[in-house]
Amino acid sequence: MTKSIQVAIDGPASAGKSTVAKILAKKRGYIYCDTGAMYRALTLSALENKADLDSETELESLLETITISFKQKEDGQHVYLNEQDVTDEIRVSDVTNAVSKVSAYKTIREEMVNRQQKITSSNSIVMDGRDIGTVVLPNADLKIFLVASVEERAERRYKENLSKGIQTDFETLKKEIADRDHYDSNRKNSPLVQAEDAILVDTSGLTIPEVVQKIEKELKTFL
Ligand code: CDP
Ligand code: CDP
């Protein structure tokens, strides 16, 4: 039997993690797990239920009652909250602006990590997030830390929004990204940090295929 492979991709907002993780998973036939989507689904549920975002216990109780799952469809991976498709809803700005706060709580992270590790089990997987190489999959075969300048990351999001017909203010977008990175990197519980054994890939000026190629090159050494 061939050995199952774990690939951990971490990095700041809009570095291209989910885009390259999805392509890599599809090419290799691995499972893809978007851990950010899980924190976003909980945040959406908290906003819908008017939960107190300052109350860790309230959010913890909410998380106990909800299911978060993924299904592969023809047009890509869909995210479900209590069996309801929330793929688009979890990307709205209200969720984006609240998610870092919700995901900073220790008990929330412990439960999410628990669920993420169960998804992994014996399957080959590409998982992306903030703490995959450091906490969720500390023994991953390959750990990648994707970065790009904040200017370029904001530009990417700006273009992505435009392609969906959403007009955003570039400077506001840039500030939101920088603020979220700051919050995620400075929280007490599993902050965004490059694992010691992760390979740093600076994607500034690189196309998506070029980034995928770089990661595949690293992956080949384990296959
Ligand atoms: O795609 P984008 O970079 O906007 O973010 P995401 O991957 O969807 O993650 C949204 C937020 O969830 C992050 O800003 C973190 O606050 C949190 N997150 C986390 O704390 N740990 C993870 N493993 C993944 C996401
Ligand atoms: O998951 P993360 O927040 O790290 O980023 P993403 O959602 O995968 O990528 C953010 C945007 O940047 C998407 O619209 C990608 O198509 C784009 N992108 C790019 O233009 N060039 C890259 N090398 C990587 C991503």
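Description of the structure in this document.

What counts and what doesn't
- Residues numbered from 1 in each chain as written.
- Chains lettered and ligands numbered in written order.
- Predicted model: local features only at pLDDT ≥ 70, side-chain atom pairs only at ≥ 80, totals over all residues.
- Heavy atoms only, no water.
- Near = heavy atom within 4 Å.
- Polar contact = N/O pair within 3.5 Å; in protein donor to acceptor, adjacent residues only side chain to side chain.
- Helix = DSSP H or I, 4+ residues; strand = E, 2+ residues; numbered from the N terminus.
- Nonpolar A, V, L, I, M, F, W, Y, C, P; charged D, E, K, R; others polar.
- Axes fitted to C-alpha atoms, helices over the stretch in contact; angles between N-to-C directions.
- Parallel < 35°, antiparallel > 145°, perpendicular 65-115°, else oblique.
- Contact = heavy atoms within 4.5 Å.
- Pairing = 2+ DSSP bridges.
- Phe/Tyr/Trp six-rings, centres within 6.5 Å; stacked < 30°, edge-to-face > 60°.
- Areas by Shrake-Rupley, 256 points an atom, 1.4 Å probe, with all protein chains shown as cover.

Some details on the site of ligand 1
- The full set close to ligand 1 counts 19 residues, and R40, R109, D131, R180 and D184 are the nearest of them.
- Within the side chain of S100, a nitrogen or oxygen atom sits 3.2 Å from an oxygen atom of ligand 1.
- Between ligand 1 and the protein, one listed contact pairs an oxygen atom with a side-chain N or O atom of R180 at 2.8 Å.
- Elements supplying a minimum of two residues to the shell around ligand 1: α2 (35–48), α4 (93–102) and α8 (170–186).
- Of all the elements, α2 adds the most residues to the shell around ligand 1, at 4 residues.
- Split into classes, the residues belonging to the shell around ligand 1 amount to 3 nonpolar, 6 polar and 10 charged.

A word on the packing of helix α3 (residues 56–65) against helix α5 (residues 106–120)
- Running from N to C, α3 and α5 cross one another at 20 degrees; their axes reach a closest spacing of 8 Å. Between α3 and α5, the angle is such that the two are roughly parallel. In contact with E56, L59, E60, L63 and E64 of α3, α5 contributes K106, T107, I108, E111, M112 and R115.
- Classifying every residue of the contact of α3 with α5 gives 4 nonpolar, 1 polar and 6 charged.

Section: the sheet that holds strand β8 (residues 199–202)
- What the 5 strands build is an open sheet, ordered β2-β6-β1-β7-β8; its pairing is parallel. Each edge of the open sheet is held by one strand with a lone partner, namely β2 (31–34) and β8. Strand-to-strand twist across the sheet, computed as the mean angle between neighbouring axes with direction ignored, equals 20 degrees.
- Pairing geometry for strand β7 (residues 142–147) and β8, over 4 bridges, is parallel. Its bridge partner being in β8, I144 is matched across the sheet by I199.
- This element, helix α1 (residues 17–28), spans β1 (6–10), β2, β6 (125–129) and β7 of the sheet and lies at about 175 degrees to β6.

Side note on the packing of aromatic side chains
- In total, this model carries 1 aromatic pair according to the counting rule given.
- Between the aromatic rings of Y158 and F170, the centroid separation amounts to 6.1 Å while the plane-to-plane angle is 85 degrees, which identifies the pairing as edge-to-face. Placement of the pair is Y158 in helix α7 (residues 150–163) and F170 in helix α8, with a sequence separation of 12 residues.

A closer look at the sheet that holds strand β4 (residues 76–81)
- In space, the 3 strands of this open sheet follow the order β3-β4-β5, with antiparallel pairing throughout. Of all the strands in the sheet, just β3 (68–73) and β5 (84–85) have a single pairing partner and so form its edges.
- Relative to β5, β4 runs antiparallel, the two sharing 2 bridges. By the bridge assignment, L81 is partnered in β5 with Q84.

Quick word on the site of ligand 2
- Around ligand 2, the structure places 15 residues, and the nearest of them are S14, K17, S18, T19 and E160.
- Contact distances for ligand 2 include 2.8 Å between an oxygen atom and a backbone N or O atom of S14.
- At a separation of 3.1 Å, a nitrogen atom of ligand 2 approaches a polar backbone atom of L206.
- Contact with the protein chains removes 82% of the 540 Å² of surface that ligand 2 exposes when unbound.
- When residues of the shell around ligand 2 are traced back to their parent elements, those giving at least two are α1, α7 and α9 (208–220).
- When its residues are assigned to classes, the shell around ligand 2 shows 6 nonpolar, 5 polar and 4 charged.

Nothing here speaks to function; it is all geometry.
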